[in-house]
Amino acid sequence: MKITSQTKIVGILGYPIQHTLSPQMHNAAFAQLGLDYVYLSFEVKPDKLGAAVRGLKALNITGVNVTVPHKERVLEYLDELSEEAKRLGAVNTIKLKSGRLCGYNTDGEGFIASLRAEATDPVGKKILLLGAGGAARAVAVGLANQGAGKISIANRTKERAEALVNMLKHIAPQVEATSLSLDDNRLDKCAAEAQLIINATSVGLKSGARPPIAINSFHVGQLVYDLIYNPAKTKLLAEAEAGGAKILNGLGMLVYQGALSFEIWTGQQAPVEVMRDAITT
Ligand SMILES: NC(=O)c1ccc[n+]([C@@H]2O[C@H](COP(=O)([O-])OP(=O)(O)OC[C@H]3O[C@@H](n4cnc5c(N)ncnc54)[C@H](OP(=O)(O)O)[C@@H]3O)[C@@H](O)[C@H]2O)c1
């Protein structure tokens with residue numbers, strides 16, 4: 001890659017940031033298409049977020065991804081928001097357009113694209129979604145917009161699951177949405193009946209931890225999708241696979257949400273397979 005005075009800069013703001021795979025994924029895509037861009041990672045401590053985002057304007061940076069812990073707080077520094085970002089109250093992509101910072105959220109669409117890439121369609125499906133944080137909200141809205149049949153949302157803090165259900169009832173009243181706490185004794189039945197189980201909690205990031213679903217809830221004909229991609233096979237996925245379920249980790253979502261950010265910045269179709277290969281081989 002030859003960096004010149006014309007090279008456009010994109011990147012990612014997060015804290016911590018040293019484990020991100022996004023630079024290798026996007027730089028491989030720029031190289032593949034011969035685009036004069038470079039993607040860098042920026043470690044931005046929470047108390048420096050405002051200065052960092054204002055700096056994007058000052059330095060005429062083309063755009064950035066935004067990750068933990070800044071996705072929600074970054075809104076206050078932006079000039080415009082997409083409908084999706086407004087609805088979710090979270091931004092994972094910023095583009096500088098004519099001097100204005102515009103915020104987008106590609107997580108939900110990225111998740112749906114990753115499902116479709118595995119020939120799975122959410123239409124009419126019974127779904128158990130674990131979690132009600134930023135990623136879970138994006139996934140829930142994506143699923144509801146795509147015609148999911150029934151979505152049960154289970155979260156440690158039940159009020160957050162209830163708030164997400166209320167949001168779904170507002171934007172997609174045709175979807176049957178219910179909330180549970182993670183210790184509700186209906187959770188295992190819900191899991192056994194679900195055709196799609198999604199873990200959007202951070203439980204499993206540390207090896208050995210797993211959401212509290214009984215092992216015998218998993219069976220053939222189910223898809224169990226863990227948004228976590230490191231470790232590649234969480235304890236939840238290992239147990240689901242042993243029970244006969246098809247499993248997916250969060251790499252697909254990472255690739256597709258990144259591909260959508262790439263398209264926002266460059267206006268070009270992202271080379272999805274190149275991006276995937278860059279972080280898996
Ligand atoms: N593959 C991808 O591209 C992708 C994209 C985004 C996120 N993710 C992954 O998705 C997960 C969630 O991310 P996020 O951005 O939504 O984070 P977040 O907004 O902080 O939400 C965290 C969620 O995990 C739950 N949780 C945390 N610790 C828990 C525990 N000990 N027991 C039970 N529940 C617990 C929280 O429940 P409470 O509400 O009770 O706190 C909340 O539902 C992370 O693992 C992240 O790496 C993956």
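Just so we're clear, the structure is a prediction, and the values are computed from it rather than from any experiment.

### Points about the overall build of the protein chain
Right, so step 1: From N to C terminus, the protein chain includes ten helices and twelve strands.
Right, so step 2: At 19 Å, the protein chain has a C-alpha radius of gyration in line with the 19 Å of a compact globule built from 281 residues.
Right, so step 3: Dimensions of the protein chain along its principal axes, counting C-alpha atoms only, are 60 × 40 × 30 Å.
Right, so step 4: Here the protein chain has roughly 12800 Å² of accessible surface; of this, 51% comes from carbon and sulfur atoms.
Right, so step 5: One way to put it: in the protein chain the 30 positive side-chain charges average out to a point 2 Å from where the 26 negative ones average out.

### Some remarks on helix H2 (residues 49–58)
Right, so step 1: Listed in full, the buried residues belonging to H2 are Leu49, Gly50, Val53, Gly55 and Leu56.
Right, so step 2: Elements that come into contact with the buried residues of H2 comprise strand S1 (8–14), strand S3 (63–66), strand S5 (93–97) and strand S6 (100–104).
Right, so step 3: At the exit of H2 stands Asn60, carrying a positive phi of roughly 55°.

### Let's talk about the domain arrangement of the protein chain
Right, so step 1: When cut into domains, the protein chain gives domain 1 (8–105 + 253–280) and domain 2 (108–249).
Right, so step 2: If you average the C-alpha positions of domain 1 and of domain 2, the two centres end up 26 Å apart.
Right, so step 3: In this assembly, eleven residues from domain 1 lie in contact with 18 residues from domain 2.
Right, so step 4: With both chains or domains summed, domain 1 and domain 2 bury close to 1300 Å², and 64% of this area falls on carbon and sulfur atoms.

### Things to note about the site of the ligand
Right, so step 1: Lining the immediate surroundings of the ligand are 22 residues, of which Ala135, Asn155, Thr157, Arg160 and Gly250 lie closest.
Right, so step 2: The contact in question runs from an oxygen atom of the ligand to an N or O atom on the backbone of Ala132, over 3.0 Å.
Right, so step 3: A distance of 2.7 Å separates an oxygen atom of the ligand from a polar side-chain atom of Asn155.
Right, so step 4: When isolated, the ligand has an accessible area of 920 Å², and the protein chains bury 75% of it.
Right, so step 5: Most atoms of the ligand, that is more than half of them, are within 2 Å of grid points of the largest pocket.
Right, so step 6: Residue assignment for the shell around the ligand shows that the elements contributing at least two residues are helix H5 (134–145) and helix H9 (251–266).
Right, so step 7: Considering only residue class, the shell around the ligand consists of eleven nonpolar, eight polar and three charged.

### A short note on the sheet that holds strand S11 (residues 223–226)
Paired through backbone hydrogen bonds, the strands of a sheet run either parallel or antiparallel to each other.
Right, so step 1: An order of S9-S8-S7-S10-S11-S12 is seen for the six strands of this open sheet, with the pairing classed as parallel. Bordering the open sheet on either side are strand S9 (176–181) and strand S12 (246–248), each of which pairs with just one other strand. Neighbour to neighbour, the strand axes of the sheet diverge by 15° on average, direction disregarded.
Right, so step 2: Both strand S8 (residues 150–155) and S9 contribute to a ladder of six bridges, which runs parallel. The residue bridging Ile153 from the neighbouring strand is Ser179, located in S9.
Right, so step 3: Packed onto the sheet, helix H4 (residues 107–117) meets strand S10 (196–199) and S11 and runs at close to 140° relative to S11.

### Some words on helix H6 (residues 158–171)
Right, so step 1: When the terminal C-alpha atoms of H6 are compared, their 20 Å separation across 14 residues agrees well with the 20 Å that a helix rising 1.5 Å per residue should span.
Right, so step 2: Burial in H6 covers these residues: Ala161, Leu164, Val165, Met167 and Leu168. End-on, the buried residues of H6 take up no more than an arc of 160°, which puts them together on one face. For H6, exposure combined with an orientation more than 90 degrees from the buried face picks out Glu159, Asn166 and His170.
Right, so step 3: Of the surrounding elements, those touching the buried residues of H6 are helix H3 (83–88), H5, S8 and S9.

### Considering the nonpolar core
Right, so step 1: If you look at the biggest cluster of nonpolar residues, it comprises 33 residues, and the most contacted ones within it are Phe111, Leu129, Leu143, Ile151, Ile198 and Tyr225.
Right, so step 2: Breaking this core down by element, the ones donating at least two residues are H4, strand S7 (126–130), H5, S8, H6, S10 and S11.
Right, so step 3: Looking at which element gives the most residues to this core, the answer is H5, with seven residues.
Right, so step 4: With sequence-adjacent residues up to four places away left out, Ile151 is seen in contact with Ile127, Leu129, Ala140, Leu143, Ala144, Leu168, Val175, Glu176, Ala177 and Thr178.
Right, so step 5: With 23 residues, the next largest nonpolar core counts Met25, Ala29, Leu35 and Tyr39 among its residues.

### Regarding the pattern of salt bridges
Right, so step 1: Within the structure shown, the criterion is met by 16 salt bridges.
Right, so step 2: Measuring nitrogen to oxygen at the nearest pair gives 2.9 Å for the salt bridge that ties Asp107 to Lys71. Of this pair, Asp107 sits in helix H4 while Lys71 sits in the loop between S3 and strand S4 (80–81), placing them 36 residues apart in sequence.
Right, so step 3: For Asp107, a relative accessible area of 6% translates into the label buried.

Rules used throughout
- Residues numbered from 1 in each chain as written.
- Predicted model: local features only at pLDDT ≥ 70, side-chain atom pairs only at ≥ 80, totals over all residues.
- Heavy atoms only, no water.
- Helix = DSSP H or I, 4+ residues; strand = E, 2+ residues; numbered from the N terminus.
- Rg over C-alpha atoms; globule rule 2.2 N^0.38 Å.
- Areas by Shrake-Rupley, 256 points an atom, 1.4 Å probe, with all protein chains shown as cover.
- Lys, Arg positive; Asp, Glu negative; His and termini not counted.
- Charge placed at Lys NZ, Arg CZ, Asp CG, Glu CD.
- Buried < 20%, exposed > 50% of the residue type's maximum accessible area, 1.4 Å probe, protein only.
- Contact = heavy atoms within 4.5 Å.
- Domains from an automatic or database assignment.
- Buried area = accessible area lost by both parts, 1.4 Å probe.
- Near = heavy atom within 4 Å.
- Polar contact = N/O pair within 3.5 Å; in protein donor to acceptor, adjacent residues only side chain to side chain.
- 1 Å grid on protein atoms, 1.4 Å probe; cavity = no way out; pocket = protein on both sides within 12 Å on 5 of 7 lines; lining within 4 Å.
- Sits in = over half its atoms within 2 Å of the grid points.
- Nonpolar A, V, L, I, M, F, W, Y, C, P; charged D, E, K, R; others polar.
- Pairing = 2+ DSSP bridges.
- Axes fitted to C-alpha atoms, helices over the stretch in contact; angles between N-to-C directions.
- Expected span 1.5 Å × (residues − 1).
- Arc of directions from axis to C-beta.
- Core = buried A, V, L, I, M, F, W, Y, C linked by side-chain atoms within 4.5 Å.
- Salt bridge = Lys/Arg side-chain N within 4 Å of Asp/Glu carboxyl O.

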